[in-house]
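Topology and contacts: notes
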Amino acid sequence: MPSVLVVGGGIAGLWTAVRAAEAGCTVELVTKTELAEGSTRYAQGGIAAALFPDDSAERHYADTIAAGAGLADPAVVRVLCEEGPARVRDLIRFGVGFDRDESGLERGLEAAHSRARIVHAGGDATGAAIEAALVATVRRRTVAVHERTMLLDLLVEGGGVVGAVLLDADGAVVERRADHVVLATGGAGQLYLHTTNPAVATGDGVAAAARAGAAVADLEFVQFHPTALAVPGTPLISEAVRGEGAVLRDASGRRFLAEAHPLAELAPRDVVARAVWRTMAEQGGAPALLHATALGGDVLARRFPGLDRIVRDAGFDWSREPIPVTPAAHYAMGGIVVDLDARTTLPNLFAVGECARTGVHGANRLASNSLLEAAVFAERAARALLAAPTVPTPVPTSPESPDVDRSRARREAGRAMDRGALRTLMWDAAGLERSAAGLEAAASVLAGWRAPEVGDRASAEDRNLLELARRTVAAALARRESVGAHCRTDEPATQIPPAPYEEAA
Ligand SMILES: Cc1cc2nc3c(=O)[nH]c(=O)nc-3n(C[C@H](O)[C@H](O)[C@H](O)COP(=O)(O)OP(=O)(O)OC[C@H]3O[C@@H](n4cnc5c(N)ncnc54)[C@H](O)[C@@H]3O)c2cc1C
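Criteria and thresholds
- Residues numbered from 1 in each chain as written.
- Predicted model: local features only at pLDDT ≥ 70, side-chain atom pairs only at ≥ 80, totals over all residues.
- Heavy atoms only, no water.
- Pairing = 2+ DSSP bridges.
- Helix = DSSP H or I, 4+ residues; strand = E, 2+ residues; numbered from the N terminus.
- Axes fitted to C-alpha atoms, helices over the stretch in contact; angles between N-to-C directions.
- Contact = heavy atoms within 4.5 Å.
- Salt bridge = Lys/Arg side-chain N within 4 Å of Asp/Glu carboxyl O.
- Buried < 20%, exposed > 50% of the residue type's maximum accessible area, 1.4 Å probe, protein only.
- Phe/Tyr/Trp six-rings, centres within 6.5 Å; stacked < 30°, edge-to-face > 60°.
- Near = heavy atom within 4 Å.
- Polar contact = N/O pair within 3.5 Å; in protein donor to acceptor, adjacent residues only side chain to side chain.
- Areas by Shrake-Rupley, 256 points an atom, 1.4 Å probe, with all protein chains shown as cover.
- Nonpolar A, V, L, I, M, F, W, Y, C, P; charged D, E, K, R; others polar.
- 1 Å grid on protein atoms, 1.4 Å probe; cavity = no way out; pocket = protein on both sides within 12 Å on 5 of 7 lines; lining within 4 Å.
- Points joined across faces, edges and corners; volume = space filled by probe spheres on them.

A word on the sheet that holds strand β15 (residues 247–249)
One open sheet holds the 4 strands; their spatial order is β14-β17-β16-β15, and the pairing between them is antiparallel. The strands lining the two open edges of the sheet, one partner per strand, are β14 (222–229) and β15. Here the strands of the sheet are splayed against their neighbours by 45° on average, with no regard to which way each runs. With 3 bridges joining them, β15 and strand β16 (residues 288–291) adopt antiparallel strand pairing. Each residue of the ladder has a partner; that of Arg 249, found in β16, is Leu 289. Each of β14, β15, β16 and β17 (323–332) is contacted by helix α8 (residues 269–282), which is oriented at about 60° to β14, the strand it contacts most.

With respect to the pattern of salt bridges
Following the criterion strictly, the structure yields 48 salt bridges and no others. Across the pair Arg 148 and Glu 34 runs a salt bridge whose closest N-O atoms are separated by 3.2 Å. Residue Arg 148 is located in the loop between β8 (143–146) and β9 (150–157), and its partner Glu 34 is located in the loop between β2 (26–30) and β3 (47–48); the two are separated by 114 residues in the primary sequence. When its relative accessible area of 43% is taken as the criterion, Glu 34 is described as partly exposed. A salt bridge links Asp 153 to Arg 463; the nearest nitrogen and oxygen atoms lie 2.9 Å apart. Here Asp 153, found in strand β9, pairs with Arg 463, found in helix α15 (residues 457–478); they are 310 residues apart in sequence, far enough to count as distant. Each of Arg 19, Glu 22, Arg 87, Asp 90, Arg 93, Arg 141, Glu 379 and Arg 383 takes part in one network of salt bridges that share partners.

Concerning the packing of aromatic side chains
According to the stated counting rule, one finds 4 aromatic pairs in the structure shown. Geometrically, the ring pair formed by Trp 15 and Phe 94 is edge-to-face, given 5.2 Å between the ring centres and 90° between the ring planes. Remark: Phe 94 occurs in helix α3 (residues 74–94) and Trp 15 occurs in helix α1 (residues 11–22); sequence separation between them is 79 residues. Residue classification places Trp 15 among the buried residues on the basis of a relative accessible area of 0%.

Considerations on the site of the ligand
The ligand sits among 37 residues. The nearest are Thr 40, Gly 46, Asp 204, Glu 354 and Ser 370. Gly 45 is positioned such that a nitrogen or oxygen atom in its backbone is 2.8 Å from an oxygen atom of the ligand. With respect to the ligand, the side chain of Glu 354 contributes an N or O atom lying 2.7 Å from an oxygen atom. Coverage of the ligand by the protein chains reaches 98% of its 990 Å² of free accessible surface. Elements supplying a minimum of two residues to the shell around the ligand: α1, β9, β17 and α11 (370–384). Partitioning the shell around the ligand into residue classes produces 12 nonpolar, 20 polar and 5 charged.

A closer look at empty space enclosed by the protein
Inspection of the entire model under this criterion finds 4 cavities of 30 Å³ or more. One number sums up the size of the largest cavity: a volume of about 180 Å³. Along the wall of the largest cavity there are 22 residues; nearest its centre are Ala 188, Leu 191, Val 222, Ala 332 and Leu 468. For the lining of the largest cavity, the secondary-structure elements that each account for two or more residues are β17 and α15. Looking at the lining of the largest cavity, the element that brings in the most residues is β17, giving 4 residues.

This is how it looks when you write it as structure tokens:
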């Protein structure tokens, strides 16, 4: 049976490791810090799937296609929606205790879903419940787990991936060979000044795959969540709070989303995020206000116990007063290009979870589809891993664009990059609204920065952030339209087909 090296300990990596080990593969899993640390454990709202009698895979499909702004891949969305319910039932078998009421699984409604189909655990602690169940399961399987072990680069021979270069827990650089490598390294929210993502989300897998010659795509599609609490660390205030009835108002009390979209607070995420962003700009940068008072203290505490704690710790009593919110970078729709079985364009290299670009989200992810995507495609990856590795034969890898080559040449002579400056630059120039002038100026600044010599985790992350920032800015410049999460103030909005929302619950 093939040997498999899995990089990442979130839902995508753990799921792949568990299933590959069950199938008889020899599995090693490495994670950058502690096994449980990553975006998965912070997921609040839940996981979307057509599990209820008033719902169907077809309806979930239609909602996902509509949110994707014309760019979601129909074949991939169909797989997601049809296989999704079985994966949620697998999660229950793995030990996730989803919340229940007298009718069975309790369910929530989130933006741009035409049915309440989001199942959750611990109220707003779905990700923590999933992570805990999968960590416990992986510990019971024959998976060799190495914590505090960081992927630096992929080992490529004869055009195929044969392993990885790692920074181990003692700070030594080591090579690890495997028949297949699975990247499950999560997102890259740390590219931006404000993000809901944890510190490990520095896009390492995408940067390493790109350096190795794998195709990456859609990096310009970064989802900004509309409602992060406007305090240091910008913790997420789940969309499920708006699903339960909370509304957004400006400083004067105007409910600005009611004017912007028929679905108001439950419009697609990009619409809500930009409305919040523009409202903040109109009021001199002051945060928008999320009013959840109508839900009452009891509901807030019972349905959202984790958020209730976060909000109260920040000094707000949201049962009595509105809370200040701001958009923050939340999710990477783009990443490493994969097929329906999570195969990248490089032989023996797979990618699953947020680091992969399956095409399922198009230009805008539908809320609570990302945990589902990770589960569905990790399951498919685990099956595909059973195939014998491809004997590497030289294949042409996509040559880097002249721009990237030029910027690399300049980087050698440039000044050392500063992570804080990079994050501010990305927020200002490649954030919720972009323009050619701003992006060109950012590209030139980024080209003048030199990546650090890789010696430790921080310098390796900085190298990856610089690589991804350059690629993201280049992709945002190249896409000369406004579509989904990619809003160019100097380019017209692309017309997309109307969404089938009239039956919204
Ligand atoms: C606050 C928050 C709330 C969210 N809420 C929801 C929700 O309600 N529903 C939903 O569907 N989605 C939600 N999302 C998105 C969802 O949680 C993520 O997309 C998903 O968990 C990603 O899973 P993953 O396994 O791909 O990555 P992660 O869970 O981020 O795991 C990545 C793993 O890779 C490791 N890693 C990274 N780089 C390296 C490296 N170089 N070497 C070794 N290991 C590395 C990390 O340490 C980590 O173990 C939320 C995200 C956030 C941040």
